[in-house]
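As a plain string of letters, each chain reads:
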Amino acid sequence: MASLRLPIATDQLELTAFERSDTEALGSYLCNRDAQRYIDGLARDKQDVEAVLRQMREQVNLRRPGDTLTLAMRKNTDKELVGHVCLRWSDATAGQGELRFVLHPRHTGRGYAHEAIAAMLDLAFDHYNIHRVFMRCDGRNHHSAKLLEQIGMRLEAHYREHALFQGEWDEELHFAILDREWRPSSKIRHFPPRVRVA
Amino acid sequence: MVLFPDYPLTTPRLRLRPFKRGDVDAVYDYRRRDVVALYLFDVALSREECALAVQQRTGQVALTEEGDKIILAAQHKESGSVIGEVSLIWRKQDARQVELGWIFHPDWQGMGYASEAAECLLNLAFEEGDMHRAMARCGTQNVTSWRLMERLGMRREAHFREHSLFKGKWDEEYIYAILRREWRQSRGDGVLASMNP
Ligand SMILES: CC(C)(COP(=O)(O)OP(=O)(O)OC[C@H]1O[C@@H](n2cnc3c(N)ncnc32)[C@H](O)[C@@H]1OP(=O)(O)O)[C@@H](O)C(=O)NCCC(=O)NCCS
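All figures in this text were calculated on a predicted structure; none of them were measured in a lab. (Residues numbered from 1 in each chain as written. Chains lettered and ligands numbered in written order. Predicted model: local features only at pLDDT ≥ 70, side-chain atom pairs only at ≥ 80, totals over all residues. Heavy atoms only, no water.)

K.L.:
Explain the UniProt feature "domain: N-acetyltransferase" (unreviewed entry) in chain B here, please?
P.N.:
Sequence positions flagged by UniProt for "domain: N-acetyltransferase" (unreviewed entry) are, in local numbering, residues 14–181 of chain B. Between the end C-alpha atoms of residues 14–181 of chain B the distance is 26 Å, and the span holds 30% helix and 37% strand. (UniProt positions renumbered as here; feature names shortened; annotations may be inferred. Helix = DSSP H or I, 4+ residues; strand = E, 2+ residues; numbered from the N terminus.)

What follows is the structure in structure tokens.
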């Protein structure tokens, strides 16, 4: 797999690797219970956060199935950490990937998640040649569900009480998008007329 | 909760009981057919493979831990023939989740036997088994299977497209589910009662 060129720039963000100095900023949103639902690593204190950070700093490329790529979302103005996105290569033969994101509650409502997810879909389909990307979301999290729909993902599943999460019945939505569904709307793929005629 | 039912389970026209060594020919008679295997993970089975499957199934009679399966022969009361099989798999212990499955001989399809057997198994899962939710899955093209799920009162919870490969092609899959309270409600309403002659 070709190496990844970082940072990835979006309108308002830079997606980069995590740094050792991110502990405090990471901890400020990672210890939030809702943030933990679909990400790895339960973080209760500084030590937990440091362990999660250590792990994420190694997740810088997808080399084999099962690998995760984790990128920090930073504002391009002052480089403040506002959240992160993870792409897990879940299945090689069927080309499947799972995307997850966490956003600091203080930074919602500015389109950061939308930009980061769109950039990660470009990366998944164009750079890693993944066939289908899916995302999970809490059924009660209407903001996330709306966001994923706006991005163009299809609601594929709505599970009710299929599992317990921290002692309560869980409700889970699955959204998915195929490579051919993403590309037509993707701004970086305008074929010149010549190619279409050929 | 450990589920070790008292066999046989009975329905108006069927007996659901553990498999026996003598069932190999009956199982071979449906599992050898391509039309039966079309939407199953397995291809059509040889007689030897059926013998092995039956041997395994003789021990699959109880749920004692996550991952355990109950697989029962559906025996037609009147003729004594084994006409198919139904399965119950314990998917999650803490959240009390099970998965249902069914395979019937083509000569015995279209007569409500699969519904009758599946209804009995759902009842076992929710009442004696104290399960919270039962799910079933099938390829979207397996119309008889998802119609059966709908007849049982299950809701379509998922429609996956190209999420995996199935026998070398892109798979498209439905998942149906029903919660215990929905099951009880539907029974109270007598939806399924009309099916039984
Ligand atoms: C899936 C499968 C078990 C469904 O079998 P089935 O015979 O269609 O299911 P039922 O026993 O519920 O029969 C229902 C049909 O019988 C009819 N019927 C007749 N008498 C009936 C009665 N007393 N009660 C209910 N239905 C009755 C129903 O109207 C229905 O017909 P319809 O679909 O034309 O309306 C069967 O097709 C099969 O074994 N397939 C191959 C293996 C397989 O794919 N398994 C599932 C993998 S996911």
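So that's the structure; there's more coming.
K.L.:
So what exactly am I meant to see when it comes to the site of the ligand here?
P.N.:
Residue and element names in this part refer to chain B. In the vicinity of the ligand, 22 residues are found, and the nearest of them are Phe-104, Gly-110, Ala-114, Ser-115 and Arg-151. For the ligand, an oxygen atom lies 3.0 Å from a polar atom in the backbone of Tyr-113. A distance of 2.7 Å is found between an oxygen atom of the ligand and a backbone nitrogen or oxygen belonging to Ala-114. Relative to its free-state accessible area of 950 Å², the ligand is covered by the protein chains to the extent of 76%. Those elements giving two or more residues to the shell around the ligand turn out to be strand S5 (97–104), helix H4 (113–128), strand S6 (133–139) and helix H5 (143–151). The element that contributes the greatest number of residues to the shell around the ligand is H5, accounting for five residues. Here the residues of the shell around the ligand sort into 11 nonpolar, seven polar and four charged. (Near = heavy atom within 4 Å. Polar contact = N/O pair within 3.5 Å; in protein donor to acceptor, adjacent residues only side chain to side chain. Areas by Shrake-Rupley, 256 points an atom, 1.4 Å probe, with all protein chains shown as cover. Nonpolar A, V, L, I, M, F, W, Y, C, P; charged D, E, K, R; others polar.)

K.L.:
Can you help me understand the pairing of strand S2 (residues 13–16) of chain A in this one?
P.N.:
Residue and element names in this part refer to chain A. Burial along S2 is two-sided: Leu-13 and Leu-15 facing one way and Glu-14 and Thr-16 facing the other are all buried. Inspection of the sheet shows strand S1 (residues 8–9) paired to S2 by two bridges, in the antiparallel sense. By the bridge assignment, Ile-8 is partnered in S2 with Leu-15. Relative to strand S3 (residues 68–75), S2 runs antiparallel, the two sharing four bridges. For Leu-15, the partnering residue across the bridge sits in S3 and is Met-73. (Buried < 20%, exposed > 50% of the residue type's maximum accessible area, 1.4 Å probe, protein only. Pairing = 2+ DSSP bridges.)

K.L.:
Where do I start with the nonpolar core in this structure?
P.N.:
Generally speaking, a soluble globular protein has its nonpolar side chains buried in company with each other. Counting residues in hydrophobic clusters, the biggest one holds 42 residues, and the most contacted among them are Leu88(B), Trp102(B) and Phe104(B). Mapped by element, the contributors of at least two residues to this core are strand S2 (14–18), strand S3 (69–76), strand S4 (82–92), S5, H4, S6, H5 and strand S8 (169–179) of chain B. With 10 residues, H4(B) is the largest single contributor of residues to this core. In contact with Trp102(B), other than residues within four places in its own chain, are Glu85(B), Val86(B), Ala118(B), Ala136(B), Ser145(B), Leu148(B), Met149(B) and Leu152(B). Core analysis: the second largest hydrophobic core is formed by 39 residues, Leu99(A), Ala118(A), Tyr128(A) and Leu148(A) among them. (Core = buried A, V, L, I, M, F, W, Y, C linked by side-chain atoms within 4.5 Å. Contact = heavy atoms within 4.5 Å.)

K.L.:
Is there a simple way to think about the confidence of the model for chain A in this case?
P.N.:
A low pLDDT score tells you not to read the predicted coordinates there in detail. For chain A, mean pLDDT is 88; residues scoring 70 or higher make up 86% of the total. Note on residues 187–198 of chain A: pLDDT under 50 across the span, and five contacts to partners over four residues away in sequence or across chains. (pLDDT = per-residue confidence, 0-100.)

K.L.:
Explain unusual backbone geometry to me, please; I cannot follow it from the model alone.
P.N.:
Leaving glycine out, the prevailing phi sign among residues is negative, and the prevailing peptide bond configuration is trans. Cis geometry is found at the peptide bond from Leu6(A) to Pro7(A), where omega equals -5°. Topologically, Pro7(A) is positioned in the segment before S1. For the peptide bond that leads from Tyr7(B) to Pro8(B), omega is 0°, which places it in the cis range. Turning to its location among the elements, Pro8(B) is positioned in the segment before strand S1 (9–10).

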